[in-house]
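Structural overview
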Amino acid sequence: MDFNTPPQSPIESAKKWFSDASSVVTTANPLAMTLSTSLPDGSIASRIVLMKSFSEEGVMFFTNYESNKAKEIEQDKNVALLFHWDMLARQIRIRGKAVKVSDDLS
């Protein structure tokens, strides 16, 4: 990727990077990402979750709605995601708001 003139949409670059990671990463799941959420006291909680899909609309992951992370997201929808592939010397950082998908999709 040419970082001086990045693509209009990062989705195509991300697709290539996920494909690259899937073919190179053998000891870890290339779809694993760190999800960071905010706690009521202002501190941050991070944990590893698996990406289910991504598109122009965002990144999808599943969680139990009764889990700590779901409760934290309910309190503060601002989240951060981090994909890291050490063997490729690449990472993707994403910040945004988490929203529930439809009951049918969930």
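Notes on the structure follow. (Residues numbered from 1 in each chain as written. Predicted model: local features only at pLDDT ≥ 70, side-chain atom pairs only at ≥ 80, totals over all residues. Heavy atoms only, no water.)

Here we come to the overall build of the protein chain. When you go through the protein chain residue by residue, the secondary structure sums to 2 helices and 6 strands. Along the chain direction, N to C, the helices and strands of the protein chain fall in the order α-β-β-β-β-α-β-β. With the C-alpha coordinates aligned to their principal axes, the bounding extent of the protein chain is approximately 40 × 30 × 30 Å. By residue count, 29% of the 106 residues in the protein chain fall in the buried class. Intrachain contacts of the protein chain at a sequence separation of at least 6 include 44% that bridge at least 24 residues. Of the roughly 7500 Å² of accessible surface on the protein chain, 52% is carried by carbon and sulfur atoms. (Helix = DSSP H or I, 4+ residues; strand = E, 2+ residues; numbered from the N terminus. Buried < 20%, exposed > 50% of the residue type's maximum accessible area, 1.4 Å probe, protein only. Contact = heavy atoms within 4.5 Å. Areas by Shrake-Rupley, 256 points an atom, 1.4 Å probe, with all protein chains shown as cover.)

Remember that side chains alternate between the two faces of the sheet whenever the strand is regular. Judged by which residues are buried, strand β2 (residues 44-50) turns out to be one-sided: Ala45, Arg47 and Val49 face inward and are buried, whereas Ile44, Ser46, Ile48 and Leu50, on the alternate face, are not. By the bridge criterion, 7 bridges tie strand β1 (residues 32-38) to β2 in an arrangement that is antiparallel. In the strand pairing of β2, Ser36 is matched with Ser46. In sequence, β1 turns back onto β2 through a hairpin of 5 residues, with Gly42 there showing a positive phi of about 95°. (Pairing = 2+ DSSP bridges.)

A few words now on the nonpolar core. Counting 16 residues, the largest nonpolar core has Phe18, Met33, Leu35, Phe83, Trp85 and Ile92 as its most contacted members. Within the residue set of this core, elements represented by two or more residues are α1 (11-24), β1 and β5 (78-85). (Core = buried A, V, L, I, M, F, W, Y, C linked by side-chain atoms within 4.5 Å.)

What follows is about the layout of surface pockets. By volume, the largest pocket amounts to about 1100 Å³. For the lining of the largest pocket, the secondary-structure elements that each account for two or more residues are α1, β3 (53-55), β4 (58-60), α2 (68-75), β5 and β6 (90-97). With 7 residues, β6 is the single largest residue contributor to the lining of the largest pocket. The residue makeup of the lining of the largest pocket, split by class, is 26 nonpolar, 8 polar and 8 charged. (1 Å grid on protein atoms, 1.4 Å probe; cavity = no way out; pocket = protein on both sides within 12 Å on 5 of 7 lines; lining within 4 Å. Points joined across faces, edges and corners; volume = space filled by probe spheres on them. Nonpolar A, V, L, I, M, F, W, Y, C, P; charged D, E, K, R; others polar.)

Keep in mind that these numbers describe shape and distance, not what the molecule does.
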